[in-house]
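Tertiary structure, described
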Amino acid sequence: MDTKEDVGPRRQAAETGRARAERPVLTPLRVVALLVSLVSATVGVVGLATADRGIERSSAVVAGVPVEVVRPAGTTGRLPGVVVAHGLAASRQLMRGLADTLTHRGYAVELVDLAGGGANTERLPDAGDGPAADARLARDLDVAVGHLRAMPWVDGSRIGLLGHSMGAAAVVRYATAHPDIHATVAVSQGLMSPTGPASRPRDLLLLAGGLEFPGYREGAVDMLRAAYPQGRAGLTYGDPRAGTARRAVLVGGVEHVSVLFSPRTHREVADWFDASFGHSATGGHGVGIRPVQRAGSAMLLHLAAVLSFGTIASVLLGRPAGPGRDRRRLPLPLALGVPAVAVLTAVAAMAVIPRHLLPLAVAGPLAGFFGVIGVVTLAVALFVRRADAGDSGGERGGRSWPVTAGAAVALVLLTVVSFAVPAQLGWAHAVPVGPRPWALVAVAACAAAFFGGVEALCAGYDRLAATMIHAWTAAGALAGLGVAGLLGIAPALVLLVAPLLAALLVWQGVQAAALRTLRAPVWLTAIVGGVLLAWPIAVTMPIG
């Protein structure tokens, strides 16, 4: 029997033990992660802070088209100008690296957000494919060219165009119809039929990544051979002074997006415009190349966010106060087999999900795909554990509801900021506009269901096994999307955004592992992961 004298010391000891349990612990691995995070963040911030050195930048909305004009600081005289157009599911931020290179070479550059992309809230008809979309893109380019040509410090007789993917096809069509465009660069325009005489457009450079799908590589060579039937990649044909120059280049070691950040791409682009315009950059070949400063700095900030997440989460949630409630785990064959069945079910569901279910191209089928996987995995997990009364994924670390709810809000905000701010500054428009905010809610709900299902499969397993199950499910989802895209069940754009989805799933996997170690409730992990996956989808997929 305890005496009164015993109660005080025992209570004090219990409170001391609880306080120790709630304090975060800096393990050696976490210390290393924090140091790397600090270095990455520092380098990233410096890189973004100095990216505009020597550059003057201004933004405007012209006839409903958001544009950004960039020129060398302290410009005197009239400069040749280049309008730069992005591809589908992109924005002017992705093209800033090429704009930086051209600006440092003495060009005035206008970046444009085409219909459906970036800050442009206008709908892109038919997801960018068809006559209506072509007309809308031509209209936006016309606005941008007119705006740049009207600048008093721009030589209106020397205007060029540069485009990527959908934007590449658009600038080729526009330059073909407008012989006053002095030179054109098309990066990964894909297969397209010439729309005018072989002599148009003037001075055409065609680039494609060596790791792109065959259609993109073939498209570059085919467009060269439309003017020079015996033409080969890597050689220049015609005379840039006469406007008859053609060149196709296959840039080795890069795919559809990374081709934009290859130093060779930047050198080819700058040298091509220099030759066509008779423009001499101080220092000559290779001067002013800025392929990755912005995007690379943003990626370092993303890396810093990933590496520091576990420490921040442990500060907000505290260490688990006890061993937590034992949860019945699914047998391993079932935990690995259920995702396969769920992915096959989701692929079949994509065939019947309306592609315009949401006002963003691809977003509806993507949301439905992840949502179906989540529903199937959650249903199986709950069915198997039906005998475990009260096991609903609630508090597993002995935390109070206010602590957990506050941590959830903070972690969601942290996740949004750690994605959106670096992306906005470095490689993608990341602020929801137009119909994007409510589409974001729908996609986030489906993504949260997916990650909730993943955590339900992982429940009860140790760290290594849970990581394996998580990776297996994420890889299966990516494989399912790839199959759906190749079979035409999903839009082909899914194949192009697969690298982004893969990176986001890895990012979420790191966050989930950290929260699993802290025995955070399943719903918290699901919400944080859902927002992380949904935000990029909602802000990058074109409005259509």
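Here's what I pulled together on the structure shown here. Source: prediction; values computed, not measured.

In this section: the sheet that holds strand E7 (residues 204–209). In space, the nine strands of this open sheet follow the order E1-E2-E4-E3-E5-E6-E7-E9-E8, with mixed pairing throughout. The open sheet has two free edges, formed respectively by strand E1 (55–62) and strand E8 (236–237), since each of these has just one partner strand. Bridge analysis of E7 against strand E9 (residues 246–251) gives six bridges, and the strand direction is parallel. Looking at the pairing, Leu-204 lines up with Arg-246 of E9. Packed on one face of the sheet, helix H5 (residues 166–177) meets strand E3 (79–85), strand E5 (154–164), strand E6 (183–187) and E7 and runs near 140° to E5. Strands in contact with helix H6 (residues 214–227) are E7, E8 and E9; relative to E7, the strand with the most contacts, it is inclined by about 160°.

A word on the pattern of salt bridges. Applying the stated criterion across every chain yields a total of 20 salt bridges. Across the salt bridge formed by Glu-68 and Arg-57, the nearest N and O atoms sit 2.4 Å from each other. Taken together, the positions of Glu-68 in strand E2 (residues 65–72) and Arg-57 in strand E1 put the pair eleven residues apart, joining distant regions of the chain. Owing to a relative accessible area of 2%, Glu-68 belongs among the buried residues under this scheme. Taking relative accessible area as the criterion, Arg-57 reaches 26% and is therefore assigned partly exposed.

With that settled, consider the packing of helix H2 (residues 28–49) against helix H8 (residues 293–317). Remark: H2 packs on H8, axes separated minimally by 7 Å, with the N-to-C direction vectors making an angle of 150°. Between H2 and H8, the crossing angle belongs to the class labelled roughly antiparallel. Of the two possible hands of crossing, H2 and H8 adopt the one that is left-handed. Contacts from Arg-30, Ala-33, Leu-34, Val-36, Ser-37, Ser-40, Ala-41, Val-43, Gly-44, Val-45, Gly-47 and Leu-48 in H2 reach Gln-293, Arg-294, Ser-297, Leu-300, Leu-301, Leu-303, Ala-304, Leu-307, Ser-308, Gly-310, Thr-311 and Ser-314 in H8. Its residues assigned to classes, the contact of H2 with H8 comprises twelve nonpolar, ten polar and two charged.

What the largest pocket holds in volume is close to 860 Å³. What lines the largest pocket is a set of 30 residues, among which Leu-88, Ala-127, Gly-128, Asp-129 and Tyr-216 lie closest to the centre. Sorting the residues of the lining of the largest pocket by element identifies helix H4 (131–149), H5, H6 and helix H14 (493–517) as the ones contributing at least two each. Here the residues of the lining of the largest pocket are counted per class, giving 16 nonpolar, nine polar and five charged. A volume near 720 Å³ is recorded for the second largest pocket. As for the second largest pocket, its lining consists of 32 residues, and the residues nearest its centre are Val-257, Met-299, Trp-427, Pro-499 and Leu-500. When residues of the lining of the second largest pocket are assigned to their parent elements, the largest contribution, eight residues, is made by H14. Taken together, the residues that form the lining of the second largest pocket break down as 23 nonpolar, eight polar and one charged.

Cut-off values and rules
- Residues numbered from 1 in each chain as written.
- Predicted model: local features only at pLDDT ≥ 70, side-chain atom pairs only at ≥ 80, totals over all residues.
- Heavy atoms only, no water.
- Pairing = 2+ DSSP bridges.
- Helix = DSSP H or I, 4+ residues; strand = E, 2+ residues; numbered from the N terminus.
- Contact = heavy atoms within 4.5 Å.
- Axes fitted to C-alpha atoms, helices over the stretch in contact; angles between N-to-C directions.
- Salt bridge = Lys/Arg side-chain N within 4 Å of Asp/Glu carboxyl O.
- Buried < 20%, exposed > 50% of the residue type's maximum accessible area, 1.4 Å probe, protein only.
- Parallel < 35°, antiparallel > 145°, perpendicular 65-115°, else oblique.
- Left-handed = near helix turned anticlockwise from the far one by under 90°.
- Nonpolar A, V, L, I, M, F, W, Y, C, P; charged D, E, K, R; others polar.
- 1 Å grid on protein atoms, 1.4 Å probe; cavity = no way out; pocket = protein on both sides within 12 Å on 5 of 7 lines; lining within 4 Å.
- Points joined across faces, edges and corners; volume = space filled by probe spheres on them.

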